[in-house]
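Close look at the chain arrangement
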Number of protein chains: 2
Amino acid sequence: MQIKKATFVIAIILALVVGAGGSYAYTSYAGKEESGSRSASDDAGSLSEVENAYELIKDNALAKPDAQQLQEGAIQGMLETLDDPYSSFLDEESSTQLNQQLESSFEGIGAEVSMVDKQVTIVAPIKDSPAEEAGLRPNDQVLEVDGDSLQGLDLQEAVNKIRGEKGTTVTLSVKRPGVSEELNIDVTRDEIPVETVYADTKEVDGKTAGVLEITSFSESTAKEFKTALDKLEKDGIDGLIIDVRGNPGGILTTVEDILKNFVPRDKPYLQIEDKNGEKQEFFTKLDEKKEYPVNVLIDEGSASASEILAGAMNQAGGYELIGKTTFGKGTVQQTVPLQNDSMLKLTLYKWLTPNGDWIHEKGIKPTVEVDQPEYFYSSPIQLDEKETLKFNDNNDKIKNLQIMLEGLGYEPSRKDGYLNEKTETAVKQFQQDNDLKATGEVDQETADLLQTKIIEQVRNGKHDNQMDKALQELFRS
Amino acid sequence: MQIKKATFVIAIILALVVGAGGSYAYTSYAGKEESGSRSASDDAGSLSEVENAYELIKDNALAKPDAQQLQEGAIQGMLETLDDPYSSFLDEESSTQLNQQLESSFEGIGAEVSMVDKQVTIVAPIKDSPAEEAGLRPNDQVLEVDGDSLQGLDLQEAVNKIRGEKGTTVTLSVKRPGVSEELNIDVTRDEIPVETVYADTKEVDGKTAGVLEITSFSESTAKEFKTALDKLEKDGIDGLIIDVRGNPGGILTTVEDILKNFVPRDKPYLQIEDKNGEKQEFFTKLDEKKEYPVNVLIDEGSASASEILAGAMNQAGGYELIGKTTFGKGTVQQTVPLQNDSMLKLTLYKWLTPNGDWIHEKGIKPTVEVDQPEYFYSSPIQLDEKETLKFNDNNDKIKNLQIMLEGLGYEPSRKDGYLNEKTETAVKQFQQDNDLKATGEVDQETADLLQTKIIEQVRNGKHDNQMDKALQELFRS
């Protein structure tokens, strides 16, 4: 299957919610900077201690640091004291990359990553990206890239290692929660185009449901969304499903523009709280809800702007949320240009749901919770050299094998990691069906083919329980 | 056994070699600071980018950082870019502690620690300190203190957690190289007095060897040393052993003053190389070597100033070095006071041996290599709840058990981790000899007593192979 679409945010930032346009009633930074950065209002906190240290280090340290290095170190050091993984310093190269991503395509693996507990962590692979195809999953921790440890690198440096020219392959060593062994996952990089809304329709009992999947909230997403929605409505739909599963977020104004189609004026769709605890409510100008039913699909990869959407749709619009509890990012960042084309990404606000909930590190619960089939969460089986999984073995890899076999319609008879006769028979059957020698032993070739088949099946959507439930709920009344 | 002595450097710094007096021909900092820290000679490297970021963060970040926090973060961030574990920022509290340590006593566990690969690592426990008594060893990594992770703390913060009032107990979770399980080691804190030279004599074949052990190079150490040496010489010695095993270093001028007693004027005892590669040689005014033989005891805990001593004694003085390869710290730091009573400790120079070798991360090899008995390097056995080591078990803890039993004079018959009948018999024998029930199974009580006996035996010096060899070599000619 070809990669048919993808999103703008790659492997760099959780600038998921960036009020880039400064569209709120908060001070714009440019003004502040111009008015003199060390104004008379300053308290004792002048930078003289830092200046002394800077001069001492620059002029004397054996390591002979250059001025730029020290200054970037100082900025990074200040940001580290905030204990906030979403605030970061982007040097010239990173800033350029970010700006490119906000509007066009790029070459990489197509995964959103964040720094969690000092580990580069996958927030979500982008839909149909090489990262998704290779089986990367939310919360995977990337330990090494092509054998080089990421230890000690910041997020940007790590991302620079992961990215690269289309067609090249990168090997990620990944620690997956619940899996004891490190996984080595090869990903072939590709161009990740910026296209963020995908429209589809589904028929249920003679009724037509429109499905609008939003893969991220990019600059053009609200316009794409409106165009697709208008077309669906013109063609005639009886209900609408908005799918933000795996959507890591994006620009705040974008999600606001989308919400203006659905959330009526009488309740705030969002509250923004500043550092002093002052809250501001935001309202649409919409008179009435859509006349057709709408619900929203969410999962553990729905973060930030996706969570704003989910919170508003449910609490201010009264729409149902189907799926799993979301990621839990409740803060708003703004990027601010510094000198030398570098940028500061800084957490400025909390955002609250219409009811005033701060969902940070909690996420938003679905109103109708639905798990995907167990095999959606299976891991690729990675065998040691010459290792096979055979009769009477008992380990975690076999547990995973059994889940995969079951997902593919075979009958391993148990899923506890013990490879009994029935599991052996299921392995033989799978091997036979796929022109492999029917040994009943799983070697790496069999394991890889299992993974391929699982991915194919996940992607064909036949067992998408969450989507099925969303359709069922949509026309339930 | 009582704690009878200890040294000044505790659990903070490797300010092992601090040219504190500014006794070299290098610029003094005070002068520079006063002449204006941002002088006209500056290149493009002004701090304006840092200032912008500072103002932005201070005025806007959701986390509401205070000025002091940001400035310290900035300084720490600059130091981190140097990639040098020996450069660090000491805040007011840490500076005060450091100054106290340089001259008086303090309350703690008595171990020298450093930050290695982002882990708080024991460089050496101080002689007869609670740390040594509890069995802490060079290269132990301290992961937790009283159950709190040290992850993310800097060295100073970690040390502040480890220290505390005399008589209180602190539990360190320790990762020891070569030991797969984490060890939990209880240390009862004590007052660690500042006394750094211990004199003794040993008789060998009718000859008298003076032994001067130097536990660190503190402010008063050279004077202490000279007094002790004069007394030994007055009483009459036929040779001298200088023991710097486990000595983590100290003040550069101190080791220089000691070397002036032994190294003749015709070869430099030390070279100092600045960041531009310019070298300066340092000479004593001594006409002749001592008329009696001298050698130096070193081991993997001999660091920094101890290595300067060893290098000079061997290469410029022609004295033998007995023991093991030293730690390998070849840089010189200077502390510089900043505002608010904080300090910067900054690596300024390399030091080179008389022959011009830079021993950083290599150490100094002994001329006569001697290992201590295997049991000197054994680890305390830590059992899981209800775990015992019994007949037919096979694991690393048993390997350690067998080494300890052998060290105590029992005969476990193997040291590969398999608990056979002979090892069981040895355990029974040990239990009998120590009024424990002779079960042949090792429970925590038996394990703890083994450890106590091992420590007693290490401390009584009966099997000190290195000392024995040093005495033998001393009078060999």
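Up top is the structure these notes are about.
Description of the structure in this document.

Thresholds applied
- Residues numbered from 1 in each chain as written.
- Chains lettered and ligands numbered in written order.
- Predicted model: local features only at pLDDT ≥ 70, side-chain atom pairs only at ≥ 80, totals over all residues.
- Heavy atoms only, no water.
- Helix = DSSP H or I, 4+ residues; strand = E, 2+ residues; numbered from the N terminus.
- Buried < 20%, exposed > 50% of the residue type's maximum accessible area, 1.4 Å probe, protein only.
- Areas by Shrake-Rupley, 256 points an atom, 1.4 Å probe, with all protein chains shown as cover.
- Contact = heavy atoms within 4.5 Å.
- Buried area = accessible area lost by both parts, 1.4 Å probe.
- Salt bridge = Lys/Arg side-chain N within 4 Å of Asp/Glu carboxyl O.
- Polar contact = N/O pair within 3.5 Å; in protein donor to acceptor, adjacent residues only side chain to side chain.
- Nonpolar A, V, L, I, M, F, W, Y, C, P; charged D, E, K, R; others polar.
- Arc of directions from axis to C-beta.
- Phe/Tyr/Trp six-rings, centres within 6.5 Å; stacked < 30°, edge-to-face > 60°.
- Lys NZ or Arg CZ within 6 Å of the ring centre and 35° of its normal.
- Axes fitted to C-alpha atoms, helices over the stretch in contact; angles between N-to-C directions.
- Parallel < 35°, antiparallel > 145°, perpendicular 65-115°, else oblique.
- Pairing = 2+ DSSP bridges.
- Core = buried A, V, L, I, M, F, W, Y, C linked by side-chain atoms within 4.5 Å.
- Patch = residues over 30% accessible without salt bridge, like charges linked within 9 Å, V, L, I, M, F, W, Y side chains within 5 Å.
- Lys, Arg positive; Asp, Glu negative; His and termini not counted.
- Charge placed at Lys NZ, Arg CZ, Asp CG, Glu CD.

1. A few points about the overall build of chain A
Across its full length, chain A carries 13 helices and 21 strands. Every one of the 477 residues in chain A was classed for burial, and the buried ones make up 55%. Entry remark: accessible area of chain A is about 20200 Å², with carbon and sulfur atoms responsible for 43%.

2. Remarks on the interface of chain A and chain B
Counting from both sides, the interface comprises 61 residues of chain A and, opposite them, 62 residues of chain B. Summing the contributions of chain A and of chain B, the shared interface buries around 5600 Å²; its carbon and sulfur component is 61%. Three residues, Glu49(A), Leu62(A) and Lys275(A), lead the burial of chain A against chain B; their summed loss comes to 15% of the area buried on that side. Run the count over chain A and chain B and you get zero salt bridges. One can count ten residue pairs in polar contact (both at pLDDT 80 or more) joining chain A with chain B. When residues of the side of chain A that touches chain B are traced back to their parent elements, those giving at least two are helix H1 (29-34), helix H2 (48-60), helix H3 (67-80), strand E19 (331-337) and strand E20 (343-352) of chain A. Tallying contributions element by element places H2(A) first for the side of chain A that touches chain B, with 13 residues. Of the residues assigned to the side of chain A that touches chain B, the class counts are 25 nonpolar, 19 polar and 17 charged.

3. Details of unusual backbone geometry
Residues and elements named next belong to chain B. Despite not being glycine, Asp 205 shows a phi value in the positive range, around 50°. Mapped onto the elements, Asp 205 comes out in the loop between strand E11 (197-204) and strand E12 (207-214). A positive phi is found at Lys 386, a non-glycine position, where the angle reads about 70°. With respect to the helices and strands, Lys 386 occurs in the loop between strand E21 (368-369) and helix H10 (396-407).

4. Notes on helix H13 (residues 465-474) of chain A
All names here are of chain A. Residues of H13 that are buried: Gln 466, Met 467, Ala 470, Leu 471, Glu 473 and Leu 474. In an axial view of H13, the angular spread of the buried residues amounts to 165°, which keeps them on one side of the axis. Summarising the contacts, the buried residues of H13 are in contact with strand E11 (197-204), strand E12 (207-214), strand E13 (239-243), strand E17 (294-298), strand E18 (320-323) and strand E21 (368-369).

5. Observations regarding the packing of aromatic side chains
Residue and element names in this part refer to chain A. In total, this model carries eight aromatic pairs over all chains according to the counting rule given. Ring centres of Phe 262 and Tyr 319 lie 6.4 Å apart, and the angle between their planes is 90°; this geometry places the pair in the edge-to-face category. Taken together, the residues Phe 262 in the loop between helix H8 (252-259) and strand E15 (270-273) and Tyr 319 in the loop between helix H9 (305-315) and E18 connect sequence positions 57 residues apart. The two residues Phe 262 and Tyr 319 agree in class, both being buried. Centre to centre, the rings of Tyr 375 and Phe 376 are 5.2 Å apart; their planes meet at 50°, and the pair counts as tilted. With respect to burial, Tyr 375 and Phe 376 carry one shared label: buried. The ring of Phe 262 carries the charged tip of Lys 290 above its face, separated from the ring centre by 5.9 Å. Geometry around Tyr 86 places Lys 329 over its ring, the cationic atom sitting 4.9 Å from the centre.

6. What to know about the packing of H3(A) against helix H2 (residues 48-60) of chain B
Two packed helices can be described by the angle between their axes and the distance between those axes. The interhelical angle for the contact between H3(A) and H2(B), taken along N-to-C directions, is 10°, at an axis separation of 9 Å. Relative to H2(B), the element H3(A) is oriented roughly parallel. Together, Gln68(A), Gln71(A), Ala74(A), Ile75(A), Met78(A) and Leu79(A) of H3(A) and Glu49(B), Val50(B), Ala53(B), Tyr54(B) and Ile57(B) of H2(B) make up the contact between the two elements. Here the residues of the contact of H3(A) with H2(B) are counted per class, giving eight nonpolar, two polar and one charged.

7. Points about the sheet that holds E12(B)
All names here are of chain B. Across the sheet, six strands lie side by side as E11-E12-E13-E17-E18-E21; this open sheet has mixed pairing. Among the strands making up the open sheet, the edge pair consists of E11 and E21. In terms of strand pairing, E12 meets strand E13 (residues 239-243) through five bridges, oriented parallel. Within E13, the position partnered with Gly 210 by the bridge is Leu 240.

8. Some remarks on the nonpolar core
Formed by 122 residues in total, the largest nonpolar core has its most connected members in Ile242(A), Leu344(A) and Ile242(B). Setting aside its immediate chain neighbours within four residues, Ile242(B) contacts Leu212(B), Ile214(B), Phe225(B), Phe262(B), Val294(B), Asn295(B), Val296(B), Leu297(B), Leu309(B) and Met313(B). Val113(B), Ala131(B), Leu150(B) and Val179(B) belong to the second largest nonpolar core, which has 23 residues in total.

9. Regarding the sheet that holds E17(A)
All names here are of chain A. Spatial ordering of the open sheet is given by E11-E12-E13-E17-E18-E21, a layout of six strands whose pairing is mixed. Every other strand in the sheet has two partners, leaving E11 and E21 as the edge strands with one partner each. Two elements, E11 and E12, share eight bridges in a ladder whose sense is antiparallel. Paired with Val 204 across the two strands is Lys 207, which belongs to E12.

10. Looking at the environment of Lys64(A)
Note that Lys64(A) resides in the loop between H2 and H3. For Lys64(A), a relative accessible area of 48% puts it in the partly exposed group. Setting aside anything within four residues of it in sequence, one finds Lys64(A) in contact with Lys275(B) and Asn276(B).

11. As for a negative patch on the surface
A contiguous patch of negative charge, built from Glu441(A), Asp443(A), Glu445(A) and Asp448(A), is present on the exposed surface. Inspection of the secondary structure assignment puts Glu441(A) in the loop between helix H11 (421-433) and helix H12 (444-459).

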